[in-house]
Amino acid sequence: MRRRHFLTLSAATLGGVLIYSLDRKASLLAAQHKAVRIPLRFFTETEALIVAAAASRIFPSDDSGPGAREAGVAIFIDRQLAGAYGRDRFRYTQPPFEDAPRELGYQGSATPRQIYREGLRGLQGFHLRDPAAQDEALRKIEPTLFFSVLRQNTIEGMFCDPLHGGNAGMVGWQLVGFPGPRMSNFDEIEKYYGQAYRPKPVSLRQATGARVRPSEDEK
Amino acid sequence: MKALPAVDAVIVGAGWAGLLMAKELGTRTSLSVVVLERGPSRQSSDYSTDMDELDFAIRLRMMQDLSQETVTLRHDPTQRALPLRQHGAFLPGAGVGGTGEHWNAQVPRFLPDCFELLTKTAAKYGANALPEDHAVRDWGITYDELEPFYTRVDKLLGSSGQAGNIRGKLINGGNIFEGWRSEEYPTPPTKVPYFSSLFRDAAKSLGYHPYPAPSANISRAYTNPDGISRGGCTYCGFCGRFGCMVGAKAQPTNVLLPIIQKRKNVSLRIGAWVRRVLFDPTRKPSARGVTYIDGAGEEFFQPASLVFLASWTFNNTRLLLLSGIGEPHDPGTGGGTVGSNLTHQVSVPSATAFFDQPLNRFMGSGSAGFLFSDFDRDDLHRSSMNLVRGGYFAARGYGFQPIGAFGVLPNSVKATWGS
C-alpha cells in the first residue's frame, strides 16, 4: 500500500463555510478552521499541488468570480482518477492502437491515470512558479492530449454536483446561475420570460434527501 | 453450449421495439415469449436520484459498456475501420428499456410523401431529377396504412401536442403541413420555454406556421388505454441521457414493463448478449433460435420458432450479418439488402445565438419547444438551388446543464482557458 498523501487547503480559499465530503464523510468547515488536510486517493501531494495550480490558471478566480481553487477542482480530479473513469473502466481498450483521423476519437491506449502521470512529469515545479510563468508553461503543452483532458476535467470539477468533490459550496453553479437539480420548474418556466430566475442552488443530495453514491466510489 | 427448453418466440433486445412486441404477444396470444437483454435491469424508480450531470450526461452511465463490446467505425470505404472506443455521436443504450429510457421523447410523424419518396419525386421532377447513384427508395407501406398505428402509439405514450390536420381539416396553431391525423393528441402541448417562445413569435412574424413540438414527455397527468397512469412534466431539464425522475417521459419501463411483468407467458433475461441467429434455410420457418452469452461467460442456445430482432436497426443488421442471413449490402455495386440504406439520425446544421436577456435554460425538457415546417415539403425546387426537399426548423428548450453547456462563445473569442 502506498504512503498516504494529503492535500492541505486553506478553508479561506475554499470560500468560508461549506460542507465538504472527505472520504464519504461530510465535514463542516468554518472560516475559523485555518486549514484542512484532505486525503488523496490517487495523486501524490506534489502532483495534487501541480494539478491545483494548473487548474487555477485554466479556470482562475478573478473579477468575475471564484475559480478552480475555490471549487476544489484538484480534489475532484483526484477522485475521478482513482475511480472507474481513471482506469478507463468503460472505454474499449483492446488493440489495434493506430493513428487515426481526429473524428474517429481518441484511439490511444493510455488511461486517464497514465495521461496525468506522464503529463505531470513535464510540469515539475509548476506550482512554485509565478502565474505568468505558469501560463507560459501551459501554452507550451496546449496542443497535448494531457492538456485537453486537464482542461475538460477542470470544467467538470467546476460545475459537477458537489457529491463528486468539486464545485465546493456550489461556487461554480452560482457563478453561471445554475440552481442544481431542482425537482420542479413547473411554476417558473413560463413566468420568468426574459428575467433571470436564480433560486438558491441545491445539490442532488439536498434535492432528493438521498445518499446518492457517485460512480467514482463504486468498485 | 447449453440448450435451453424451446419457447415459441424469442425477442432480442428489451427496448421500445422488443418490449412492445413482448407486450403485444404476451397479452394477445398464449405464446411463450423470452426477451433477451444484454444490459442490466432497470425500473422507473431507479431515476429518482439520477439528476447528476457528470455521471449520466458526461460519463454516460446508461449507455452500452464499450469495454465489453463495441463496433468499428470509418467515414468512407478508403479508411481503415477502427474501434469506437468511447461514445461520440450515437449513444446506444443498454439495459431494460434500452435507449428509450434516456431519449428526449420527441415524437414527430413522418410526412405522407416520405413513404413514397422515390415515386413522388420522380412524378414531380421527372425520373432524371435524382443523381444516378442515389439511394432513395419507397418504403413499401403508405402513411394512410400506418396512421392508425401512429395513433395507437400516441395513445400508448400519451403524446402532447396540437394537431394541424384532423382528417383533412387544417387547424391553425398545429402543423398544417403534417399528414392527416385521425384524432387530436391525447394531451395538450407542453409549457413553452422562453427561448422557444422567442422562436415561435419570430417565426409567426415572418409568416410561417409554428406549432408546439410533439412530445412524449407529457404536459399533464394521463392514463393510457392499458390503464398506465403517469404524471406531467416538471421541466427539471434532465431528459436526454437521463431516465425521467417523475416518470412523465414515456419510457419502456413505465408504459410497457408493468404490463409485461403481469404476464406469466413472458420472461425477461438480463445480461444476455445474443451472438447469432441460428437458422436452417431448408425449413419453414427457417429460424431455429438464438445463441447468447450470459454474464458469467457461459453460452446458451435458446430454441424458438419465432425470432424477433429488436436490438436497434444498427445491431439488428450486425446480427444478421454475423449469422449469415440474407445478402450483405455492397456499397460499391449497390447490391444486397442487409445493411442497405442503414441510417442513424441525420444531424442537421444548427445555429448558435446570443441574447441580451437571460434565457434560464436550465428549465426545460427534451421535447418542449416550437417547430415550423413551412420548408418541410417537396416544392422548394428552384433552378438556382439543387434541392428537392427541405426539413423543419426547431427551437427546443432542452434543459442546459453547466458542464455540457460551458464554453459556448462567439467566434471572435479564441481563448479556451484563462481569465
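Definitions and cut-offs
- Residues numbered from 1 in each chain as written.
- Chains lettered and ligands numbered in written order.
- Predicted model: local features only at pLDDT ≥ 70, side-chain atom pairs only at ≥ 80, totals over all residues.
- Helix = DSSP H or I, 4+ residues; strand = E, 2+ residues; numbered from the N terminus.
- Buried ≥ 20, exposed ≤ 12 C-beta atoms within 10 Å, placed from the backbone.
- Contact = placed C-beta atoms within 7 Å.
- Rg over C-alpha atoms; globule rule 2.2 N^0.38 Å.
- Nonpolar A, V, L, I, M, F, W, Y, C, P; charged D, E, K, R; others polar.
- Pairing = 2+ DSSP bridges.
- pLDDT = per-residue confidence, 0-100.
- Core = buried A, V, L, I, M, F, W, Y, C linked by C-beta atoms within 7 Å.
- Right-handed = clockwise from strand over helix to strand, strands pointing away.
- Axes fitted to C-alpha atoms, helices over the stretch in contact; angles between N-to-C directions.
- Parallel < 35°, antiparallel > 145°, perpendicular 65-115°, else oblique.
- Left-handed = near helix turned anticlockwise from the far one by under 90°.

Enquirer: I'd love a proper account of the overall build of chain A, names of residues and values included.
Expert: When its secondary structure is counted, chain A shows 8 helices and 4 strands. Taking all 219 residues of chain A together, the buried fraction comes to 40%. Summarising the internal contacts of chain A: among those between residues at least 6 apart in sequence, 65% fall at separations of at least 24.

Enquirer: So what's going on with the overall build of chain B? Residues and values would help.
Expert: A count of helical and extended segments in chain B gives 8 helices and 16 strands. On C-alpha atoms alone, chain B measures out to a radius of gyration of 23 Å, which is about the 22 Å that the 2.2 N^0.38 rule sets for 419 residues. The principal-axis extent of the C-alpha atoms belonging to chain B is close to 65 × 55 × 55 Å. Of the contacts made within chain B by residues no fewer than 6 positions apart, 67% connect residues no fewer than 24 positions apart.

Enquirer: Break down the interface of chain B and chain A for me, citing the residues and quoting the values.
Expert: Taken together, the contact between chain B and chain A spans 43 residues of the former and 51 residues of the latter. Mapped by element, the contributors of at least two residues to the side of chain B that touches chain A are helix 2 (53-58), strand 5 (82-83) and helix 5 (194-205) of chain B. No other element matches the 4 residues that helix 2 of chain B contributes to the side of chain B that touches chain A. Residue classes in the side of chain B that touches chain A are distributed as 21 nonpolar, 14 polar and 8 charged.

Enquirer: How would you summarise unusual backbone geometry if you had to cite specific residues and measurements?
Expert: The residue after P95(A), namely P96(A), is reached through a cis peptide bond having omega 5°. Within the secondary structure layout, P96(A) lies in the loop between helix 3 (73-82) and helix 4 (112-121). Here the phi dihedral of N360(B) falls at roughly 50°; this positive angle occurs in a residue that is not glycine. Checked against the element boundaries, N360(B) lands in the loop between helix 8 (313-323) and strand 15 (369-372). Classification of N360(B) by C-beta neighbours within 10 Å gives buried; the count is 26.

Enquirer: How would you sum up the sheet that holds strand 8 (residues 211-212) of chain B? Please name residues and give values.
Expert: Residues and elements named next belong to chain B. With respect to topology, 3 strands assemble into an open sheet ordered 8-15-16, the strand pairing being antiparallel. A single partner strand is all that each edge strand has here, and the edge strands are strand 8 and strand 16 (393-396). Bridge analysis of strand 8 against strand 15 gives 2 bridges, and the strand direction is antiparallel. From the neighbouring strand, Y211 faces strand 15, where its bridge partner is L371.

Enquirer: Can you tell me about the confidence of the model for chain B, naming the residues and giving the values?
Expert: Overall, the predicted model of chain B reaches an average pLDDT of 93, with 99% of residues at or above 70. Complex prediction metrics read pTM 0.93 and ipTM 0.93.

Enquirer: Go over the nonpolar core with me, naming the residues and quoting the values.
Expert: In terms of nonpolar packing, the biggest core is built from 119 residues, with I11(B), V35(B) and L36(B) touching the most fellow members. At 8 residues, helix 1 (residues 45-58) of chain A tops the list of elements feeding residues into this core. What V35(B) contacts, discounting residues up to four positions off in sequence, is I11(B), A14(B), G18(B), L19(B), A22(B), V266(B) and L268(B).

Enquirer: How would you sum up the confidence of the model for chain A? Please name residues and give values.
Expert: With 88% of its residues at a pLDDT of at least 70, chain A reaches an overall mean of 88. Here residues 15-32 of chain A is modelled with pLDDT under 50, and outside its nearest four sequence neighbours on either side it reaches 30 contacts, counting other chains as well.

Enquirer: A description of the environment of I325(B) should follow, citing residues and the corresponding values.
Expert: Residues and elements named next belong to chain B. The residue I325 is located in the loop between helix 8 and strand 15 in this model. A count of 19 C-beta atoms within 10 Å places I325 in the partly exposed class. Not counting residues within four places of it along the chain, the set of residues in contact with I325 comprises V277, F279 and L320.

Enquirer: Which residues make up the environment of P212(B), and what values go with them?
Expert: All names here are of chain B. Along the chain, P212 turns up in strand 8. Between the C-alpha atoms of P212 and I270, which are 58 residues apart in sequence, the distance is 38 Å. When residues no more than four places from it in sequence are discounted, the contact partners of P212 are G161, Q162, P189, T190 and F370.

Enquirer: Go over the pairing of strand 2 (residues 7-12) of chain B, please, and point to the residues and values.
Expert: All names here are of chain B. Note: strand 2 against strand 14 (residues 299-309), 5 bridges, orientation parallel. Each bridged residue has a counterpart across the sheet, and for V10 the counterpart in strand 14 is V307. Judged from the 4 bridges that link them, strand 2 and strand 3 (residues 33-37) form a sheet pairing that is parallel. Its bridge partner being in strand 3, V12 is matched across the sheet by L36. As for the winding sense of the linkage, the β-α-β connection from strand 2 through helix 1 (residues 16-28) to strand 3 is right-handed.

Enquirer: Please give an account of the packing of helix 4 of chain A against helix 6 (residues 145-159) of chain A that cites residues and values.
Expert: Describing two packed helices takes the angle between their axes plus the distance from one axis to the other. All names here are of chain A. Packing of helix 4 against helix 6 leaves a shortest axis separation of 9 Å and a crossing angle of 115°. As far as their axial angle goes, helix 6 and helix 4 are roughly perpendicular. For the crossing formed where helix 4 meets helix 6, the hand is left-handed. Counting all contacts with helix 4, which are made through P112, I115, E118 and G119, the residues of helix 6 involved are L145, F146 and V149.

Enquirer: Please give an account of the environment of V171(A) that cites residues and values.
Expert: All names here are of chain A. Counting through the fold element by element, V171 comes out in helix 7 (residues 171-176). In this structure V171 comes out as buried when scored by C-beta crowding, with 24 C-beta atoms within 10 Å. Sequence separation of V171 and A68 is 103 residues, and the distance between their C-alpha atoms is 9.5 Å.

Enquirer: If you had to explain the packing of helix 1 of chain A against helix 5 (residues 131-141) of chain A to someone new, which residues and values would you point to?
Expert: All names here are of chain A. Two numbers describe how helix 1 lies on helix 5: the axes approach to 10 Å, and their chain directions differ by 85°. Here helix 1 is positioned roughly perpendicular relative to helix 5, judged by the angle of their axes. Contacts between helix 1 and helix 5 involve A53, A54 and R57 from the first element and P131, Q134, D135 and L138 from the second. Broken down by class, the residue content of the contact of helix 1 with helix 5 amounts to 4 nonpolar, 1 polar and 2 charged.

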